[in-house]
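# Coordinates in review
As a plain string of letters, each chain reads:
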Amino acid sequence: MSDASFDNRPIENEAQFGDFFALLKPRVMTLVVFTAFVGLLAAPVSVHPFVGFCAILFIALGGGASGALNMWYDADIDAVMRRTAKRPIPAGRVTRDEAFAFGLTLSVFAVVFLGLATNWLAGGLLAFTIFFYVVIYTMWLKRSTPQNIVIGGAAGAFPPMIGWAAATGTISTESVLMFCLTFLWTPPHFWALALFMRSDYDDAKVPMLTVTHGRRSTRKHILAYTVLLAVFAIALGFTSIGGPVYLTTAVILNALFIKGAWDITRRDEDMSEADNFAVERKFFKLSLLYLFASFGAILVDSVMTRMGVML
Amino acid sequence: MSLSKQHELHERRKGRNIGLGLTLAAFMALVFGLTIVKIGRGDFQVDPAEMSSGN
């Protein structure tokens, strides 16, 4: 028997374990893990630590699996964009079929095991999140509407809701508001990025708002979503999971965020080009801090309540 | 015809195979841990009333 049946890809292109891990979009996974963890811990029900650990792991794996399926479908776009050209599929280390099989298997595994470890509402929500991200966002709307970022944001907003459902077995006002927090945060975050990374999205022919409606309109959209986000973020402070730490953090962060969005709206392209999009870049960095600090504050309030510390 | 014990493929896929092995070991530990916790909490206990109505 000859060796002809073996995979004859060059050695440097051999997929390593790390390449399959990269398919899970580990950087996005950190956000998923963190927000799911906050959702789980903020819930008014105590969860066994090992079950909690498993729940977060399966939510993260489900999120990662949807990332792998996204890379499978979007391999053509990824090859064009500078930011994504080194991903395992465009780099030739993993084939599209391998990524598809890997993502699909891991999706089923994550949903079934989350359902078994916690409850089937949490499992069902995870299954819906994967379906939403892969089918509704990646396959259908990403390439056809400039509102793609808004829709895609919904998928990233589910993890705290799943964490909450894993602990309580329910959906409540608190978990829906935590969903709204990430959902409304996503458009200003990504549109700010699109303002100073424009060539990437243009080259990939993804209908970003900056291209279809113009950059002036994008700036206005950023402000509108930021104001809307502030309303929901402050409202969350008046639910059972909001405490003094969250409320204080939310007031400060939303004031800064609205100020940043207002500054972006007042600028035109000439002003932005002149300082290499300094204000837009600053707003983008602030958006990263915004989400982690907001969920971090919910976590601090939750821990303080559990320990019986009252401010 | 001479047969070599170690095909070049083994060397190429060493990292991947070790990673997969560790993943499977972690999966076993996870299922074992979940079983212990769930049995400890009595998740699998059948309600006595349900048992008697079933007879």
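Cut-offs applied
- Residues numbered from 1 in each chain as written.
- Chains lettered and ligands numbered in written order.
- Predicted model: local features only at pLDDT ≥ 70, side-chain atom pairs only at ≥ 80, totals over all residues.
- Helix = DSSP H or I, 4+ residues; strand = E, 2+ residues; numbered from the N terminus.
- Buried ≥ 20, exposed ≤ 12 C-beta atoms within 10 Å, placed from the backbone.
- Rg over C-alpha atoms; globule rule 2.2 N^0.38 Å.
- Contact = placed C-beta atoms within 7 Å.
- Domains from an automatic or database assignment.
- Nonpolar A, V, L, I, M, F, W, Y, C, P; charged D, E, K, R; others polar.
- Core = buried A, V, L, I, M, F, W, Y, C linked by C-beta atoms within 7 Å.

Helices and strands together make up the secondary structure of chain B, namely three helices and zero strands. In chain B, which comprises 55 residues, the proportion classed as buried is 0%.

Summing up its helical and strand segments, chain A has 14 helices and zero strands in all. Helices and strands in chain A line up, N terminus first, as α-α-α-α-α-α-α-α-α-α-α-α-α-α. Relative to the compact-globule value of 19 Å for 311 residues, chain A shows a C-alpha radius of gyration of 21 Å, a close match. The buried share of chain A, taken over its 311 residues, is 46%. Counting only contacts in chain A whose residues sit at least 6 apart along the sequence, the fraction spanning at least 24 positions is 75%.

Now for the environment of Gly153(A). Residues and elements named next belong to chain A. Within the secondary structure layout, glycine 153 lies in helix α7 (residues 148-168). Overall, glycine 153 belongs to the buried group, with 20 C-beta atoms counted inside 10 Å. Residues glycine 153 and phenylalanine 283, 130 residues apart in the sequence, show an inter-C-alpha distance of 18 Å. Discounting chain neighbours no more than four positions away, the residues touching glycine 153 are Thr182, Phe183, Thr186 and Pro187.

Residue and element names in this part refer to chain A. Each assigned domain of chain A is listed here: domain 1 (18-169) and domain 2 (172-311). One C-alpha centre belongs to domain 1, the other to domain 2; they are set 21 Å apart. Contacts between domain 1 and domain 2 engage 28 residues on the former and 26 residues on the latter. Elements represented by at least two residues in the side of domain 1 that touches domain 2 include exactly α2 (26-42), α4 (75-80) and α7. If one sorts the elements of the side of domain 1 that touches domain 2 by residue count, α7 sits on top with twelve residues. Tallied by class, residues from the side of domain 1 that touches domain 2 come to 18 nonpolar, six polar and four charged.

A separate point is the interface of chain B and chain A. Facing the eleven residues of chain B at the interface are eleven residues of chain A. Counting residues per element, the ones that place at least two in the side of chain B that touches chain A are α1 (8-12) and α2 (14-41) of chain B. Ranked by the residues each element gives to the side of chain B that touches chain A, the list is headed by α2(B), at eight residues. Split by residue class, the side of chain B that touches chain A holds four nonpolar, three polar and four charged.

Our next topic: the nonpolar core. Core analysis: the largest hydrophobic core is formed by 88 residues, its most contacted members being Leu40(A), Ala55(A), Ile59(A), Ala68(A), Leu114(A) and Ile162(A). If we skip the residues at most four places from it in the chain, Ala55(A) touches Leu40(A), Leu114(A), Ala117(A), Thr118(A), Ala122(A), Gly163(A) and Ala166(A).

It is worth spelling out unusual backbone geometry at this point. Residues and elements named next belong to chain A. Although it is not a glycine, lysine 25 sits at a positive phi angle of roughly 50°. Here the phi dihedral of phenylalanine 277 falls at roughly 60°; this positive angle occurs in a residue that is not glycine. With respect to the element layout, phenylalanine 277 can be found in the loop between α13 (269-274) and α14 (278-306). What makes phenylalanine 277 buried here is the crowd of 21 C-beta atoms within 10 Å.

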